[in-house]
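Listed below, chain by chain, are the residues.
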Amino acid sequence: MTVPHKVETDTAAAEVATALRHGPLEHRAAEFERRSASGARGVRLREEPFLTQLDLRTSPGSSSAASVADALGLPLPAANRVSGDEHDAVLWLGPDESLIVAPDGRAESLLRTVRTAQQGGSGSVVDVSANRTTLRLSGPMAREVLEKLCSLDLHPRAFGPGDCAQTLLGRVVVVLWQLDHEPGYRIMVRCSFAEYLADLLLDAMAEFLDG
């Protein structure tokens with residue numbers, strides 16, 4: 001029997017590949033720390049790379065959608081809303097499209113779970129984890145930083161914890177997700193635009209570092 005050996009080899013190869021990964025902004029971690037500010041007018045920036053991200057397509061109100069929600073243990077969200085928390089969540093992206101977000105290493109198990117739930121119905125699920133990295137912007141002045149770059153109304157009466165939107169920051173399309181009241185945000189951006197977006201955010205943060 002050679003199957004156990006193959007499983008061990010595949011597992012070892014996966015562990016090596018994981019160890020060799022580098023986030024697109026990993027080399028700027030110290031810079032982000034240095035250019036963040038604390039206190040009443042503080043704002044902080046850091047990268048959260050390698051989050052599991054699955055693009056889910058399913059017809060709203062269908063039996064397949066209900067099965068997926070049951071399998072995930074999370075209702076599929078209403079427009080521009082998030083179901084779950086920062087650890088396990090489903091974000092609304094469009095009328096028939098959602099983004100499943102989970103910690104690193106969960107893609108394969110979640111793909112199996114969702115595909116099993118979709119059997120016999122319509123829909124699809126695709127691993128898009130490598131498509132985007134995530135920036136976390138938090139602190140009392142985080143909203144003011146974003147308002148320099150984004151045309152959305154981010155006032156708490158219009159956009160608060162559990163809200164999300166696909167929008168532009170500068171000239172970059174992102175998924176913007178407010179996590180809490182601090183406020184803290186996740187900004188999910190294509191890896192090829194991560195450097196540009198980081199520069200925009202750091203520039204917008206500069207006045208609070210000086211203060």
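Along each chain, the written sequence defines residue order, and numbers are assigned to residues from 1. Whole-chain, interface and lining totals are the exception, using all residues; otherwise, since this is a predicted model, local features are given only for residues with pLDDT of at least 70 and side-chain atom pairs are given and counted only at 80 or more. Values reported for side chains reflect all heavy atoms of the structure, with hydrogen atoms and water molecules removed beforehand.

Here we take up the domain arrangement of the protein. One widely used convention gives an interface's size as the accessible area the parts lose upon coming together. By convention here, the domain bounds are inherited from an automatic or database domain assignment. The domain architecture assigned to the protein consists of domain 1 (24–49 + 131–211) and domain 2 (51–128). The centre of domain 1, based on its C-alpha atoms, is set 25 Å off from the matching centre of domain 2. Contacts are assigned to residue pairs with any non-hydrogen atoms lying within 4.5 Å of each other. In this assembly, 17 residues from domain 1 lie in contact with 14 residues from domain 2. Accessible-area loss on putting two parts together, using a 1.4 Å probe and summing over both, is the definition of buried area adopted here. Summed over both sides, the interface between domain 1 and domain 2 buries roughly 1,400 Å², with carbon and sulfur atoms accounting for 51% of that surface. When the buried area of domain 1 at its contact with domain 2 is split by residue, R132, C164 and W177 rank highest and sum to 37% of it.

The next thing to look at is the pattern of salt bridges. The term salt bridge refers to a pairing of a side-chain nitrogen on Lys or Arg with a carboxyl oxygen on Asp or Glu at a separation within 4 Å. Taken as a whole and judged by the stated rule, the model has 16 salt bridges. Residue E48 is joined to R46 by a salt bridge in which the shortest nitrogen-to-oxygen separation is 3.5 Å. Several salt bridges converge on common partners, so that one network encompasses R28, E31, R35, E195 and D199.

A separate point is the nonpolar core. Looking at soluble globular proteins, one finds that nonpolar side chains tend to be buried together. Side-chain atoms within 4.5 Å link the members of a nonpolar core, which is a set of buried Ala, Val, Leu, Ile, Met, Phe, Trp, Tyr and Cys residues. Only protein chains enter the accessibility calculation, which uses a 1.4 Å probe; a residue is then buried when its area is under 20% of its type maximum, exposed when over 50%, and partly exposed in between. By size, the foremost hydrophobic cluster in this structure holds 30 residues, and its most contacted members are L137, L146, I187 and L201. The secondary structure listing takes helices from DSSP runs of H or I that are at least 4 residues long and strands from runs of E that are at least 2 residues long, numbered from the N terminus. Breaking this core down by element, the ones donating at least two residues are β7 (132–138), α5 (142–147), β8 (164–169), β9 (172–180), β10 (184–190) and α6 (194–210). Top element by residues in this core is α6. It accounts for 8 residues. Setting aside residues no more than four positions away along its own chain, L201 makes contact with L45, L135, L137, V145, L146, L149 and I187. With 14 residues, the next largest nonpolar core counts L54, L74, A107 and V114 among its residues.

Attention now goes to the sheet that holds strand β2 (residues 52–57). In spatial order, the strands read β3-β4-β5-β2-β6; together these 5 strands make up an open sheet with antiparallel pairing. Lying at the two open borders of the sheet, with one neighbouring strand each, are β3 (82–84) and β6 (124–127). Between one strand axis and the next, the sheet turns by 20° as a mean value, whatever way the strands run. The sheet contact formed by β2 and β6 spans 4 bridges and is antiparallel. Residue pairing in the sheet places L54 in a bridge with D127 of β6. The pairing criterion for strands is at least two bridges between them, as found by DSSP. Every axis in this analysis is a line fitted to C-alpha atoms, fitted for helices over the stretch in contact. Angles between the N-to-C directions lie between 0 and 180 degrees.

Next up on the list: the sheet that holds β10. Strand order in the open sheet formed by 5 strands is β1-β7-β10-β9-β8, with antiparallel pairing between adjacent strands. Looking along the sheet, the strands with just one partner apiece sit at the ends: β1 (44–47) and β8. Taking each pair of neighbouring strands and ignoring which way they run, the sheet shows an average axis angle of 30°.

A helix is expected to span 1.5 Å for every residue after the first. Its 12 residues give helix α4 (residues 107–118) an end-to-end C-alpha distance of 16 Å, which sits within 8% of 16 Å, the value for a rise of 1.5 Å per residue. Those residues of α4 not exposed but buried are A107, L110, L111, V114, A117 and Q118. The arc that holds the buried residues of α4, viewed along the axis, is 135°, so those residues lie on one side. Exposed and oriented more than 90 degrees from the buried face of α4 are E108, R112 and T116. Residue G120 follows α4 closely and has a positive phi angle near 85°. Working note: the arc is built from the helix axis to C-beta atom directions.

On to the pairing of β2. When you tally the buried positions in β2, you get 5 out of 6 residues, the bulk of the element. Two strands pair when backbone bridges link them, and β2 and strand β5 (residues 97–102) are joined in this way by 6 bridges, in the antiparallel orientation. Bridged to L54 within β5 is I100.

What follows deals with the state of the cysteines. Only a pair of cysteine sulfur atoms within 2.5 Å counts as a disulfide in this structure description. Under the definition given, this model contains 0 disulfides. Looking at the unpaired C164, the closest cysteine sulfur is the one in C150, lying at 13 Å. Relative accessible area serves as the criterion here: at 1%, C164 is assigned to the buried category. You can see C191 has no disulfide; the closest cysteine sulfur is in C164, sitting 19 Å from it.

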